Amino acid sequence: MTTAIEETSREIIHDTIIKQKQFFKEGSTKSLDMRKQTLQKLADIISKHEKEIIVALKQDLNKSEMESYTTEIGFLLEEIRFTLKHIDDWAAPVKVKTAKTHVGSKAYKIPEPYGSALIIAPWNYPFQLALAPVIGAIAAGNTVVIKPSELTPHTSNLISRIFHSHFDPEYLAVIEGGVETTQHLLEQPFDYIFFTGSVPVGKVIMEAAAKQLIPVTLELGGKSPCIVDDTANIPLAAKRIAFGKVTNAGQTCVAPDYLFVHENVKERFITEFQKAVRDFYGKNPLTNDSYGKIVNERHFNRLTDYLQDGEILTGGRVDHASLKIEPTLMVPKDQTVPVMQDEIFGPIFPVLGYEDLNEVIDFINDRPKPLALYLFTSDDHVADKVNEAVSYGGGCVNDTLMHLATPYLPFGGVGESGIGSYHGESSFSAFSHYKSILKQTTKFDASFKYPNSKWGLKIIKKLMK
C-alpha cells in the first residue's frame, strides 16, 4: 500500500463543500440522536482499528504501543465517552435572567452548529489531534472536513480509509494533500475553521479566514517555560519533567521548552533528570525501540543544529539513520541563539539557573505568551505569585502535560500561542454559536419604553440604576 500523499484538486474540494452545505441544510446533523449515534460509531471504529492505528503511528513517529494508546487512542475514547455522558445538558437551551426593564419576558441561550467545519491537523499527534476536534464538531451538529498532515502519511492514509469506509463524505469527509490542498481548502466558504499547528502557519490560516469572516480556533505553540524552585521535590520533579519533555521525542506543543532551575538545586536536578531518562529508556535511548523518532529529515537537521547553541550537560548523541536524538540538557551560550528563540519541538532542553524568581517572571513576560507553563514548588505563595503574574494558556503545578488530559479543563492558548479552546464542553462550545432569544409576553405592554410615554425616562432611569 502506497503512503504517498497526493494533492487534491480544487474541483474535488469545492464539490465536497457544496455537498456538505446541502447536507447540513437538510437538518439531519442537528438531530441529537444522530449526533450520539455518530459519536458512538466513531468510538467503535477507533476500537476496531486500534492495531492499525498503532502500526501507522509506529511507522510515522516510532511511537510505542503504550504511548500510542495513552496519548492518541485512549485519549479519544475517553473524550467521546465524556461527550456522550454530557451532550444532553450541553445541547439544551439555557434559561438566563432578564433585566428589570424587560419585565414579563423570558430569555434563553440556544446552542446551534455553525455548519460546515474545516479541521486542519498537525503531524505530532496525527490521529488524536485530527479527531479530537471532530468529536466537538459532531456533538455540536456540524458537518466536517478533516485535513490530516501530509508529514505523517501512514496515519493520514489510515484516517482517510477509515472515514471513507464508514461515513458519508457529505457528512464527514477526509481530504488528503499538502500545502496546495490546504490553500484550496482555505478558499472555500466554510462556516468554521479549527487549526492546530505552528504560529507562522496559524497566521496564514487566520488571514485566509478573515477574507471571508470565518470564525477560527487556533491551537498554536511557542516556548513553554518550566520553573523548579529550591523547595521542589527534586527527584519527582525531574521524573515528571523528563516525562513531559521526552514524550513523543519532545514533539509536543505543550512540552516544556526551556527550564529555569534554582541554583541551590541545579546540580541535583541534572543528576535526577539523567536518572529518569535512564529509567525510561536505558543507557542508550537511541537503540530503545520505545523511544520516538523525529518526524522527518528536515526537522532532524533543524534540531541537530541547536546542539551547537551551547554546552551539552547530558545526552547530545544523534542517529541520522533512525532520525533519533538523545534527550539532551544544555546550557545555551546566550539568549540570542536559535535554541532560545525558536520553539524547539524536540528532546533538547536548555537549562538556566536563577536565584531571584522576579527575574524569571520578567524573562517570561518579556516574551510572547506561552501555551503552557510548569512550576515545581512546595510553596503555595510561590505558585500563587507565578500564576498571578504570568499569562499563559494552561499548565500544571508539580506536573507536566497532564492539564490537557482532563476533559474538565479547557485547553488552548493566549496571544501568539492561540485563540480559543477545546476539550470536553469547551469542544462543544467551540463549534457552537449560542443564539440569544428573548420571548416577550403579550399579556401586557410596558408603555414606559415608548417615546410618547410621559413618565418613561423617569421610570427607565430608576430601573437601570
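What you see is a predicted model; the values in this text were computed from it and never measured.

Overview of the sheet that holds strand β14 (residues 348-354)
No. 1: In spatial order, the strands read β10-β13-β14-β9-β8-β15-β16; together these 7 strands make up an open sheet with mixed pairing. Only two strands of the sheet have a single partner each, and these edge strands are β10 (310-314) and β16 (394-397). If you compare each strand with its neighbour and ignore which way they point, the axes differ by 25° on average.
No. 2: With 4 bridges connecting them, strand β8 (residues 225-228) and strand β9 (residues 258-262) associate as parallel partners. If you follow C226 over to β9, its bridge partner there is L259.

As for helix α14 (residues 380-389)
No. 1: Those residues of α14 that sit buried are V382, A383 and V386. Projected down its long axis, α14 carries its buried residues within an arc of 100°, all on one side. Relative to its buried face, α14 has exposed residues pointing more than 90 degrees away, namely D380, H381 and E388.
No. 2: At its buried positions, α14 is contacted by β8, α13 (357-365), β15 (372-376) and β16.
No. 3: N-capping of α14 is provided by D379, with a side-chain oxygen placed 2.8 Å from the backbone N of H381.

Notes on the nonpolar core
No. 1: Core analysis: the largest hydrophobic core is formed by 83 residues, its most contacted members being I46, L131, F163 and I241.
No. 2: If we ignore the near neighbours within four places in the chain, the residues touching I241 are C226, V228, P256, L259, F269, F273, F349, F376 and T400.
No. 3: Of all hydrophobic cores here, the second largest spans 34 residues; its members include I227, I294, F363 and Y392.

Overview of the UniProt feature "active site" (unreviewed entry) in the chain
No. 1: The sites that UniProt annotates as "active site" (unreviewed entry) are E219.
No. 2: Considering the arrangement of structural elements, one finds E219 in strand β7 (residues 216-219).

Quick word on the pattern of salt bridges
A side chain with one charge can pair with a side chain of the opposite charge if their charged atoms come near.
No. 1: Overall, the coordinates contain 13 salt bridges when judged by the stated rule.
No. 2: When the shortest N-O distance is used, the salt bridge between R10 and E187 registers 2.8 Å. Of the two residues, R10 is situated in helix α1 (residues 10-25) and E187 in the loop between α7 (179-186) and β6 (192-196); the sequence distance between them amounts to 177 residues.
No. 3: Here R10 falls in the partly exposed class, since its relative accessible area comes to 37%.
No. 4: Since its relative accessible area comes to 42%, E187 is described here as partly exposed.
No. 5: Among the salt bridges present, the one from D279 reaches K275, with a minimum N-O distance of 3.2 Å. You can see D279 and its partner K275 sitting in helix α10 (residues 266-281), 4 residues apart, about one turn around the helix.
No. 6: D279 gets classed as exposed once you look at its relative accessible area, which sits at 54%.

Some points on a nonpolar patch on the surface
No. 1: Side chains of F243, F280 and M402 sit close together on the surface and give an oily, nonpolar patch of about 260 Å² of accessible area.
No. 2: Within the fold, F243 resides in helix α9 (residues 234-246).

Topic: the packing of aromatic side chains
No. 1: The final tally for this structure, using the stated rule, is 19 aromatic pairs.
No. 2: Measuring from ring centre to ring centre gives 6.0 Å for Y258 and F260, while their planes differ by 75°; the resulting arrangement is edge-to-face. With respect to burial, Y258 and F260 carry one shared label: buried.
No. 3: When the centroid spacing of 6.0 Å and the interplanar angle of 35° are considered together, the rings of F269 and F273 count as tilted. Here the residue F269 and the residue F273 both occupy positions in helix α10, the gap between them amounting to 4 residues, near one helical turn. Each member of the pair, F269 as well as F273, carries the same accessibility label: buried.
No. 4: Among the aromatic residues, those joined into a cluster by ring pairs are Y114, Y192, F194, F411, Y422 and F431.

Concerning the pairing of β8
No. 1: Neither face of β8 is exposed, since P225 and I227 on one face and C226 and V228 on the opposite face are all buried.
No. 2: With α9 bridging β8 and its parallel neighbour β9, the resulting β-α-β unit is right-handed.
No. 3: Examined bridge by bridge, β8 and β15 share 3 bridges and lie parallel to one another. By the bridge assignment, C226 is partnered in β15 with Y374.

Observations regarding the sheet that holds strand β1 (residues 94-96)
No. 1: The 3 strands lie next to each other as β1-β2-β20, forming an open sheet whose pairing is antiparallel. Both outer strands of the open sheet, β1 and β20 (432-439), are each paired with one neighbouring strand and no more. Between one strand and the next, the sheet's axes are offset by a mean angle of 30°, whatever the strand orientation.
No. 2: Relative to strand β2 (residues 106-113), β1 runs antiparallel, the two being bridged by 3 bridges. Within β2, the position partnered with V96 by the bridge is A107.

Topic: the environment of V204
No. 1: In this structure, V204 sits in helix α8 (residues 199-211).
No. 2: The class of V204 is partly exposed, set by a relative accessible area of 47%.

Details of the packing of helix α2 (residues 32-48) against helix α6 (residues 153-166)
No. 1: Remark: α2 packs on α6, axes separated minimally by 12 Å, with the N-to-C direction vectors making an angle of 130°. By the angle between their axes, α2 is oblique relative to α6. In this structure, α2 crosses over α6, and the sense of that crossing is right-handed. Each of K41, L42, I45 and K48 in α2 lies in contact with α6, whose residues at this interface are I162, F163 and H166.
No. 2: Counted by class, the contact of α2 with α6 contains 4 nonpolar, 1 polar and 2 charged residues.

Analysis parameters
Residues numbered from 1 in each chain as written. Predicted model: local features only at pLDDT ≥ 70, side-chain atom pairs only at ≥ 80, totals over all residues. Heavy atoms only, no water. Pairing = 2+ DSSP bridges. Helix = DSSP H or I, 4+ residues; strand = E, 2+ residues; numbered from the N terminus. Axes fitted to C-alpha atoms, helices over the stretch in contact; angles between N-to-C directions. Buried < 20%, exposed > 50% of the residue type's maximum accessible area, 1.4 Å probe, protein only. Arc of directions from axis to C-beta. Contact = heavy atoms within 4.5 Å. Polar contact = N/O pair within 3.5 Å; in protein donor to acceptor, adjacent residues only side chain to side chain. Core = buried A, V, L, I, M, F, W, Y, C linked by side-chain atoms within 4.5 Å. UniProt positions renumbered as here; feature names shortened; annotations may be inferred. Salt bridge = Lys/Arg side-chain N within 4 Å of Asp/Glu carboxyl O. Patch = residues over 30% accessible without salt bridge, like charges linked within 9 Å, V, L, I, M, F, W, Y side chains within 5 Å. Areas by Shrake-Rupley, 256 points an atom, 1.4 Å probe, with all protein chains shown as cover. Phe/Tyr/Trp six-rings, centres within 6.5 Å; stacked < 30°, edge-to-face > 60°. Right-handed = clockwise from strand over helix to strand, strands pointing away. Parallel < 35°, antiparallel > 145°, perpendicular 65-115°, else oblique. Left-handed = near helix turned anticlockwise from the far one by under 90°. Nonpolar A, V, L, I, M, F, W, Y, C, P; charged D, E, K, R; others polar.

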